[in-house]
Amino acid sequence: MNDVETVARRQKVRLRPSSRFYGRGVGRGSGRRGIRSSRRFSSFIALGCVMLFFVLTVMLLASRLEAPRPLRAARTVAPLESVTSEKEQDFVKKASVLKELLQRRQGIVPLSEKLLSNCSKPETWLSGIDLRGGDIQNVPLKMNAEECCNACAARSQCAAWTAVENDGSCWLKGRLGRRIAAKSMTSGLLRNAIQIEAVPEVPQAVMPREARKKQSVRPHCRHTSKDELRLFYKAAARDWSEAFPLGNGKLGALVGLEPWSGRVAIAEETLFERRSDIEEAKAKRQAREATERAARAEKNKSTADDKKWLSKPATPFEAFQISRNALLNGNIKAAQEAARWLDAGPVPSFEGLATLNFEVSPSLSEVLNYERSLNLEAAVASARFQATNNTIVNYKREAFVSAADNVLVLRFECYPIDCRVEISMQRLERAISSKPSQQHLVISDDPKGKGLGFAACARLLNTTRQEKDSKNKLTAIGSSTTFLITGVTSYTSETPVLSCLEKLDAAAMYNYVELRQRHIQDFTSAFGFTRLSLRESARFVPSSRQDIDTEILDTGVRVAELGEECVWQNKSKYLIMDPSLIALSYNYARYLLVSSSRENSVAPANLQGVWADGLKAPWAGDFHLNINLEMAYWAAGGAGLGQISTPPLFDLLNRLAESGRQVAQEYYGIPRGWVAHGFTDISADARPLGENRWALCVTCGAWIAITVYELTEFEPSNCTNLKSLIKHLQGSVEFFLSGYLIKINNTLITTPTTSPENSYRSTIRNKNASRYIWSTLARAPAIDNAILYRLFQVYEEACARLNDNCDISNYCDSELVTKAILAKSQLPNHGQPQYCAHQQNMTTTLREYPLTVM
């Protein structure tokens, strides 16, 4: 069924067949008569199926009436004393524990004493049970079950623990999560878990789509929401992925706004692993492996890989030549083995700075009317809820990351009682806690350790009363408490701790209202260039409630119900349409880019913006030049963020082109131009970092240069940026036309190179049989052809713009421009993607995506 028929069927429109599409060869006589006869035949078949289904249904009902089957008895859990088998006793015990934990989570029964763990008594532990979720650390501790229990008991925010026997890891829990049976795991609950668990979780407002389909639940029809500049939820964040991201381009924070105990993941844009540390670790590993290879050689037990190390090329350029010649001769296996020596090592990972933990007391028995929101226009996250303690207590939280003062601001309010707020900061590696004064708390790197120096600092802004506490905490009591947090690394300061404290003290000169006003004024000036609103285009949908226009819908509900059917008066069905949700997505994307990339940022938005939870970000949190970095900035110009968010991208390109000149000479023997590969980090390393199947993308540096050029099209009068950019475009063109591209049958191709995350199956023929191997090296993949065509085109356009708009002539190399124009017509298929099935000495099969192998 095509798209037109699908839409027509939904709209109940009858399509009239046309002889243009249904010729005389269909059925008897004319095309239209053939269609009618085929429809009659289809109708007979449909009628027969309906009658057969009716007869079978009647027979089934009759059989059930004649011989009714007895009801199956409900499954019960026998008392432990009546079970004789040891295995059955263990099963019943686990079932009882899981049942009571589930009832406790639902608020049916209180948490009994028998479920609490005694760290010195293993019989009180929950053997074979895993408590999922609620982790208060991102990386497991390495310890056994008893040590894990003691570690949990030593932390006031720890409610439960889970130890894994296989790898000796320990997970500490801030709240009780989902319980499942697991053979190799042991868990336990502590006495201080009673108070934390006594507060039931705020119920999630969204029923999963699969559950609604299974239960045939259709939402009631309502007006489309008009909320286009705010994320709104009626439940607290369960983990960091549901937390609100706050940032100012330098400092990032993930704020969950939990009611009583919670955590804030803090990151600083320059905190990456140091390349020198990675190189040192790599050298030590290679030295150890060389010793092991020598030992095996003495015993005549050398492996196949040991023999490859004996023939390792002396330089990357030699490895490149061997790989290129092998690939041109169709020897894919030899080309792959030679290309492995082009690997320049792992990519330095973006790291989280610190985790701030907070506890609010008294933590009351019931949370009412919880709601949290993120105002995209003001970049302020807030939460409101109530709790009962003989009287209703009102709570409010606010958080924002100010670019004007470069601090994270956290505010806790409660009324009519005073609240006690306690914060602490932790980092699992390379961290030392200190307290310079009663108002300051610092986590800094160990001077004896390795890695980039850093400091995370917190300060109490104002409070009614402050408690004297341990050196690792700040505690305040009052109706309103405000904390300031910031971070600095040795990338930007030689004395991170001193610079960190100076920033806090400078921000503390303002009160909370002034800090908030300065932040909102700064952010709105950056965010407010453009705005998308689709409220007027919203289609009217009948409302099942009188006050539906005043109801604020949970954003999760809006996402889950978009495009689903809704019911009106239990009869009519409508499709839920929410144009404002599309506008909200657009505004949220702009918010994320402004929050992670500002004009004074050191680096552009990385793979996770400027946010990280834990020591290392997923996928290293670096800069993926093979599409991700380009994609993050594709819409920046059209969204009005060119002057705000793109300057750090320009700066990265400048540094990348500088380091890429040395790489062009060292790896490819080309003295002119520059090259960069699939990944890089804050140091703008242009070498092929990481595995070749992802990293050996020789055109990825040109791709980022093209992206930056396309951003300059939104500022046609900015001749300064255009002049500096033309140098980089010219350098990239020079690299490819002065030595890297080779001509075969009057066609310019790249090799060896890869199509990122792509592979193909190649045949290896032996004397006896043939076998297949998965390969990644290719000649002229589609991505290279497309990027090179656009690169030559962009270089020509940029030179013309400089001459026409900026009145600057003779700035470009006219001979190189002519070569670039000619090279466009010499690319495979004129730069268009094309898969060539026939290869000399090469049999390939597609695996995932079309891959060009010349």
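Residues numbered from 1 in each chain as written. Predicted model: local features only at pLDDT ≥ 70, side-chain atom pairs only at ≥ 80, totals over all residues. Heavy atoms only, no water.

A. Structural view of the overall build of the chain. Each helix and strand counted, the chain has 22 helices and 32 strands in total. Burial status across the chain gives 48% buried among its 854 residues. Sequence separation of at least 24 residues holds for 69% of the intrachain contacts in the chain that already meet a minimum separation of 6. (Helix = DSSP H or I, 4+ residues; strand = E, 2+ residues; numbered from the N terminus. Buried < 20%, exposed > 50% of the residue type's maximum accessible area, 1.4 Å probe, protein only. Contact = heavy atoms within 4.5 Å.)

B. Spotlight on the pairing of strand β8 (residues 251–255). Here β8 lies mainly inside the structure; five of its five residues are buried. Of the two faces of β8, the one holding Leu251, Ala253 and Val255 and the one holding Gly252 and Leu254 are both buried throughout. With four bridges connecting them, strand β7 (residues 244–247) and β8 associate as antiparallel partners. Each residue of the ladder has a partner; that of Leu246, found in β8, is Ala253. Between β7 and β8, which pair antiparallel in sequence order, lie three residues; one of them, Gly249, sits at a positive phi of approximately 90°. Strand direction decides the pairing type here: β8 and strand β9 (residues 261–272), joined by five bridges, are antiparallel. Following the sheet pairing, Leu251 is matched in β9 by Glu268. Between β8 and β9, which pair antiparallel one after the other, the connecting turn spans five residues, and Leu257 there sits at a positive phi close to 55°. (Pairing = 2+ DSSP bridges.)

C. Main features of the state of the cysteines. Applying the stated criterion across every chain yields a total of seven disulfides. Two residues, Cys457 and Cys500, share a disulfide whose sulfurs are 2.2 Å apart. Of this pair, Cys457 sits in strand β18 (residues 454–462) while Cys500 sits in helix α11 (residues 496–507), and the two are 43 residues apart along the sequence. Each sulfur in the disulfide pair Cys719 and Cys806 lies 2.1 Å from the other. Where Cys719 bonds to Cys806 through sulfur, the torsion about that S-S bond is close to -100°, and the disulfide is left-handed. (Disulfide = S-S within 2.5 Å.)

D. A look at helix α17 (residues 647–668). End to end, α17 covers 30 Å across 22 residues, agreeing with the expected 32 Å (1.5 Å per residue, within 8%). In the structure, α17 departs most strongly from a straight axis at Gly660, where the bend amounts to approximately 25°. For α17, the full list of buried residues reads Pro648, Leu649, Phe650, Leu652, Leu653, Leu656, Ala657, Gly660, Val663, Ala664, Tyr667 and Tyr668. A positive phi of about 65° marks Gly669, the residue just after α17. (Expected span 1.5 Å × (residues − 1). Bend = angle between axes of the 7 residues up to and from the residue.)

E. Molecular detail of the packing of helix α9 (residues 316–328) against α17. Contact geometry for α9 and α17: axes closest at 6 Å, N-to-C directions at 60°. The angle between the axes of α9 and α17 places the two elements in the oblique class. Together, Pro316, Phe317 and Phe320 of α9 and Glu666, Tyr667 and Tyr668 of α17 make up the contact between the two elements. Class assignment for the residues of the contact of α9 with α17 results in five nonpolar, no polar and one charged. (Axes fitted to C-alpha atoms, helices over the stretch in contact; angles between N-to-C directions. Parallel < 35°, antiparallel > 145°, perpendicular 65-115°, else oblique. Nonpolar A, V, L, I, M, F, W, Y, C, P; charged D, E, K, R; others polar.)

F. Looking closely at unusual backbone geometry. Between Tyr415 and the following residue, Pro416, the backbone shows a cis peptide bond with an omega angle of 10°. Here Pro416 shows up in the loop between β14 (407–415) and β15 (419–426). Pro752 follows Thr751 through a cis peptide bond whose omega is -5°. Along the chain, the position of Pro752 falls in the loop between β27 (747–749) and β28 (753–754).

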